[in-house]
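# Observations on chain architecture
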Amino acid sequence: MRVGKDKINFSMDKNHKAVCKVKSGDSIIFETCDCFTDTIKSEDDLVSSVDFSRVNPATGPVYIEGAKKGDVLKVDIIKINVKDSGVSVAVPNMGRLGSKVEKEETLVGKIVGDKIQIGSDRLDLNKMIGVIGTAPENDPVVTGTPDYHGGNMDCKMVREGVSLYLPVNVEGALLSLGDLHACMGDGEIMGAGLEIAGEVELKVEILKDFSYKLPMIESEDAWISIGSAENMEAASDLAIANMADFLMKKKSISLNQAGILLSLAGDLRVCQIVNPNRTMRMEFPKKYL
Ligand code: CA
Ligand code: CA
C-alpha cells in the first residue's frame, strides 16, 4: 500500500476522509512533502514567500481496520528515504534566536551518502519524522501543534528502527505523517530541521492490551515517554509522570522507587522548544527493567 503526497492535510481531524484502509499488521509507504509543501527549492526562495496556511502537510489519513477508541496503535518505522536535498532557514521572529535575526535566509543541504553538505559544514545524516499522529478525539488540531495524539512532536528519536505507540482516539485511528528532517538537533532552536521531502515505510499494529500512557517510543535500548504542553516544565512533568507510571507497572514498584530510579538513570531531554506546544521526552534504559 502506498499513499501519495497529493493526499495531504494541514490538521489531524476525525472528520477527514481516510485515503485508504489497511489491516493491523500491514505495511504502508507514505510519500511526504517537506514542511513548506515543497515550495522552497533554492537559497533564493525565502520563507516569507510561503503560504502559511499550507505548512507542515501530513500525508493521510490512513484508516486501520479494527482500531477502536482506547486501543493503542503501534507504528514500526521500517525505513525513511529522503530526497537528495533539503532546506533550513533563519527567519526574523521565528525560533529562539528569531528576535536577533535581521534578514531571512535559506540554506540548502545536499545529501551525500550518510552525510549532509551544508555551506562548508558536513553533518551526519539523522533522518527523522517531525509530524506523526492519530486523529484527536474532539476538535481538530493543526499539524503544527503537538499534543497527546502525537502531531508536530519534532522528536529526533522518531527514526528508523523504533516503534512509536500512539493512542487510538477514534475508530480507525486515522494515522497521518509528514515533516521529515534529514537531521535536527534537540530543541530545533531556529524552528526548522533540514526540511526535506521523502517517503516512510512503516508497519501498523493494533494493540488491545498496552496499558501505558502515550505517546511512547521503544528503541533498541530504551523506552521513551513523550510529553507536549504549553511550556517546557509542564511538558517535562507529563513525560516524567508517564515514565514513572510505566516503571511502576513494568517493575511493580512504588512511585517513590520509580522517581528515584528516574532521577538516577533516566534522561530528560528536549525534543523541541519552538512549536505552539513544547515537547520533552524522558528516556529510560531497557537494561534496568
Ligand atoms: Ca516540525
Ligand atoms: Ca520541520
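Here is what the cut-offs are and how they apply
- Residues numbered from 1 in each chain as written.
- Chains lettered and ligands numbered in written order.
- Predicted model: local features only at pLDDT ≥ 70, side-chain atom pairs only at ≥ 80, totals over all residues.
- Heavy atoms only, no water.
- Donors = N, O, S within 2.8 Å, 3.2 Å for Na, K, Ca; no water.
- Buried < 20%, exposed > 50% of the residue type's maximum accessible area, 1.4 Å probe, protein only.
- Pairing = 2+ DSSP bridges.
- Helix = DSSP H or I, 4+ residues; strand = E, 2+ residues; numbered from the N terminus.
- Axes fitted to C-alpha atoms, helices over the stretch in contact; angles between N-to-C directions.
- Domains from an automatic or database assignment.
- Contact = heavy atoms within 4.5 Å.
- Salt bridge = Lys/Arg side-chain N within 4 Å of Asp/Glu carboxyl O.
- Polar contact = N/O pair within 3.5 Å; in protein donor to acceptor, adjacent residues only side chain to side chain.
- Expected span 1.5 Å × (residues − 1).

### A look at the coordination of the calcium ion (ligand 1)
In this structure, Asn-152 (OD1), Asp-154 (OD), Asp-154 (OD) and Asp-179 (OD) serve as the protein donors to the calcium ion (ligand 1), at separations of 2.2 to 2.5 Å. Binding-site remark: the calcium ion (ligand 1) is held by donors from one chain whose sequence spacing is N-x1-D-x24-D. Using a relative accessible area of 2% as the deciding quantity, one classes Asp-179 as buried.

### Focus: the sheet that holds strand E9 (residues 105-112)
With antiparallel pairing, the 4 strands of this open sheet are ordered in space as E8-E9-E10-E11. With one partner strand each, in any of the chains shown, strand E8 (85-90) and strand E11 (121-124) form the two edges of the open sheet. Neighbour-to-neighbour, the strand axes of the sheet open up by a mean angle of 30°, direction not taken into account. Across 4 bridges, the pairing between E9 and strand E10 (residues 115-118) is antiparallel. Looking at E10, one finds that Ile-111 is bridged to Ile-116.

### Looking at the domain arrangement of the protein chain
According to the domain assignment, the protein chain consists of domain 1 (2-207) and domain 2 (216-288). Its C-alpha centre places domain 1 at a distance of 22 Å from the equivalent point of domain 2. Contacts between the two partners involve 24 residues from domain 1 and, on the opposite side, 21 residues from domain 2. In this assembly, domain 1 and domain 2 are joined by 1 salt bridge. One salt bridge in this structure joins Asp-186 and Arg-281, with 3.1 Å as the shortest N-O distance. Our count for the domain 1 to domain 2 interface comes out at 10 residue pairs in polar contact (both at pLDDT 80 or more).

### Here's the deal with helix H1 (residues 232-251)
With 20 residues, H1 should reach 28 Å at 1.5 Å per residue; the first-to-last C-alpha distance of 28 Å fits that figure. Within the sequence span of H1, burial applies to Ala-235, Ser-236, Ala-239, Asn-242, Met-243, Ala-244, Asp-245, Phe-246 and Leu-247. For H1, the capping residue at the N-terminal end is Asn-231, with a side-chain oxygen 3.1 Å from the backbone nitrogen of Glu-233. Two residues or fewer past H1, Ser-252 is found with a positive phi of approximately 50°.

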